[in-house]
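Next come the chains, spelled out residue by residue.
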2 protein chains.
Amino acid sequence: MFSNSSKYALKAVLYLAVYSSESNKILAKNISEPINVPQAYIAKLLQELSRHNIVSSTRGPNGGFYINAQNREIPLIDIVSVIDGANRLNSCLLSVQNCNNEKPCPLHSFADPFRTDLINNLKKNTIGDMAKDIESGKSFLPL
Amino acid sequence: MFSNSSKYALKAVLYLAVYSSESNKILAKNISEPINVPQAYIAKLLQELSRHNIVSSTRGPNGGFYINAQNREIPLIDIVSVIDGANRLNSCLLSVQNCNNEKPCPLHSFADPFRTDLINNLKKNTIGDMAKDIESGKSFLPL
DNA sequence: ATTAAAACATGATATAAGTCATATTTAGGA
DNA sequence: TCCTAAATATGACTTATATCATGTTTTAAT
């Protein structure tokens, strides 16, 4: 579904959304441990997200990564799109070229409502929305 | 979601279910073209499925692969399990260890009902069921 | 029996995904 | 202004997945 990289990126961004701010930046190496992802790897992913203005960062002493008000409004789908490419989620379960409701592959009816709904949720829900869920105890971040 | 190998395997099995029989075996190289999969690769996958009694085969002249009545009753999930392993479908969207309804990850509610549904469908529907759908024009096999 | 056609088994190669390491650039504080 | 802490950029390495190739065994027909 998602690549490992996207999963890591989502976790890291949500961690930042909950625990960081403009006045409380977090180092890549300090994100690594709580979300259980190798630090060099998460650093690389955060750099990529930073380049696309999905997370914020400053270099030098007291620098680090953080989520600002503007980042908070970004929908989750953008994270996945940057890391995995925009159309990874669009392909049919059997990777049949023109699989659609008119000419469905044999598994189309099992999967299509699922994927459509998932994509809509990823478009609708922002980083900030998810952070609120975590803060209110509706959902949990590992570990 | 599925690996390419599983997708190929599913396509090949469904192709056999529609076009083969005990008296009409099909060569690996003749499956390759209609389902758009390299022939050496599909041969390997069919051998694996044959070892697990999901497809039938006989060697020698007039041999080939085919689906018999017993194979026809096998649920689709078995194909995926043999190729991808049993628990690939079970993991949460973020690969959070103990993600469940009590302690859901932030994306749990987006994905869980659908994954459950997909798995149930793969368990419930057999190779024969899918073949019927194709034969009755309810669904289509590439190309 | 001999031969040929096919699956079967095994391993080699290629490509992509994931992980790690190092050097460079930027920014703040002494 | 100089030093240090951090992100950034780049590339090397590792592992998993996908693909290809070759030799071996089984089966049926002659």
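This text follows the structure it describes.
Colleague: Mind showing me how you'd approach the overall build of chain A here?
Modeller: Check the secondary structure of chain A and you find seven helices and two strands. Counted from the first residue to the last, chain A has its helices and strands arranged as α-α-α-β-β-α-α-α-α. Overall, chain A is about 60 × 30 × 25 Å in size when its C-alpha atoms are taken along their principal axes. The burial tally for chain A puts 56% of its 143 residues in the buried class. Restricting the contact set of chain A to residue pairs at least 6 apart, pairs at least 24 apart contribute 66%. For chain A, the exposed area adds up to about 7200 Å²; of that, 45% sits on carbon and sulfur atoms. Across chain A, the mean location of the 15 positive side-chain charges is 6 Å away from that of the 12 negative side-chain charges.

Colleague: Help me out: how do you make sense of the protein's contact with DNA strand D in this one?
Modeller: Inspection of the region around DNA strand D gives 26 residues, with Lys44, Gln47 and Ser57 of chain A together with Tyr41 and Pro61 of chain B positioned closest. Of what DNA strand D places within 4 Å of the protein, 64% of the atoms are sugar or phosphate. At a separation of 3.0 Å, a phosphate oxygen of DNA strand D approaches a polar backbone atom of Asn4 of chain B. Between DNA strand D and Ser5 of chain B there is a distance of 3.2 Å, counted from a phosphate oxygen to a side-chain nitrogen or oxygen. Elements represented by at least two residues in the surface near DNA strand D include exactly α3 (39-51), β1 (56-58) and β2 (64-66) of chain A together with α1 (4-19) and α3 (39-51) of chain B. Considered class by class, the residues forming the surface near DNA strand D number 10 nonpolar, 11 polar and five charged.

Colleague: Teacher, can you tell me more about the environment of Val80 of chain B here?
Modeller: Residues and elements named next belong to chain B. Mapped onto the secondary structure, Val80 falls in helix α5 (residues 76-84). Here Val80 falls in the buried class, since its relative accessible area comes to 3%. Measuring from C-alpha to C-alpha, the distance between Val80 and Lys124 comes to 14 Å, with 44 residues separating the pair along the chain. When residues no more than four places from it in sequence are discounted, the contact partners of Val80 are Phe2, Ser6, Leu10, Gly85 and Leu89.

Colleague: How should I be thinking about the relation of the copies chain A and chain B in this particular structure?
Modeller: There are two copies of the chain, and a rotation about an axis plus a shift along that axis relates them. Superposition record for chain A on chain B: RMSD 0.1 Å, screw rotation 180 degrees, translation along axis 0.0 Å. A rotation of that kind, with that shift, is consistent with a two-fold axis. Considering only C-alpha atoms, the residue of chain A closest to the rotation axis is Met1 of chain A, which sits at 2.2 Å. Interface residue correspondence from chain A to chain B reaches 94%, placing this contact among same-surface, isologous pairings.

Colleague: Quick question: what am I supposed to make of α3 of chain B here?
Modeller: Helical geometry note: an α-helix holds 3.6 residues per turn, so side chains three or four residues apart project in the same direction. Residue and element names in this part refer to chain B. With 13 residues, α3 should reach 18 Å at 1.5 Å per residue; the first-to-last C-alpha distance of 18 Å fits that figure. All of the buried residues along α3 are Ile42, Ala43, Leu45, Leu46, Leu49 and Ser50. Down the axis of α3, the smallest arc covering the buried residues is 170 degrees, so these residues share one side. Across α3 from its buried face, at more than 90 degrees, point the exposed residues Ala40, Lys44 and Arg51. Buried positions along α3 lie against α1, α2 (28-35), β1 (56-58), β2 (64-66) and α5. Following α3 by one or two positions, Asn53 adopts a phi angle in the positive range, close to 60 degrees.

Colleague: I'm lost on the protein's contact with DNA strand C in this one. Help?
Modeller: The full set close to DNA strand C counts 27 residues, and Pro38 and Tyr41 of chain A together with Lys44, Gln47 and Ser57 of chain B are the nearest of them. Restricting attention to atoms of DNA strand C within 4 Å of the protein, one finds that 63% of them are sugar or phosphate atoms. Taking Lys44 of chain A, its side chain carries an N or O atom lying 3.4 Å from a base nitrogen of DNA strand C. Tallying contributions element by element places α3 of chain B first for the surface near DNA strand C, with four residues. Looking at the surface near DNA strand C residue by residue, the class counts come to 10 nonpolar, 12 polar and five charged.

Colleague: Can you help me understand the packing of aromatic side chains in this one?
Modeller: Aromatic ring pairs: the centre-centre distance and the angle between the two ring planes describe each pair. Residue and element names in this part refer to chain B. For the coordinates displayed, the defined rule picks out five aromatic pairs over all chains. Taken together, a centroid distance of 4.7 Å and an interplanar angle of 45 degrees make the contact between Tyr15 and Tyr19 tilted. In this pair, Tyr15 and Tyr19 both sit in helix α1, four residues apart, roughly one turn of the helix. For Tyr19, a relative accessible area of 46% gives the class partly exposed.

What counts and how
Residues numbered from 1 in each chain as written. Chains lettered and ligands numbered in written order. Predicted model: local features only at pLDDT ≥ 70, side-chain atom pairs only at ≥ 80, totals over all residues. Heavy atoms only, no water. Helix = DSSP H or I, 4+ residues; strand = E, 2+ residues; numbered from the N terminus. Buried < 20%, exposed > 50% of the residue type's maximum accessible area, 1.4 Å probe, protein only. Contact = heavy atoms within 4.5 Å. Areas by Shrake-Rupley, 256 points an atom, 1.4 Å probe, with all protein chains shown as cover. Lys, Arg positive; Asp, Glu negative; His and termini not counted. Charge placed at Lys NZ, Arg CZ, Asp CG, Glu CD. Near = heavy atom within 4 Å. Polar contact = N/O pair within 3.5 Å; in protein donor to acceptor, adjacent residues only side chain to side chain. Nonpolar A, V, L, I, M, F, W, Y, C, P; charged D, E, K, R; others polar. Least-squares fit on C-alpha atoms with pLDDT ≥ 70 in both. Expected span 1.5 Å × (residues − 1). Arc of directions from axis to C-beta. Phe/Tyr/Trp six-rings, centres within 6.5 Å; stacked < 30°, edge-to-face > 60°.

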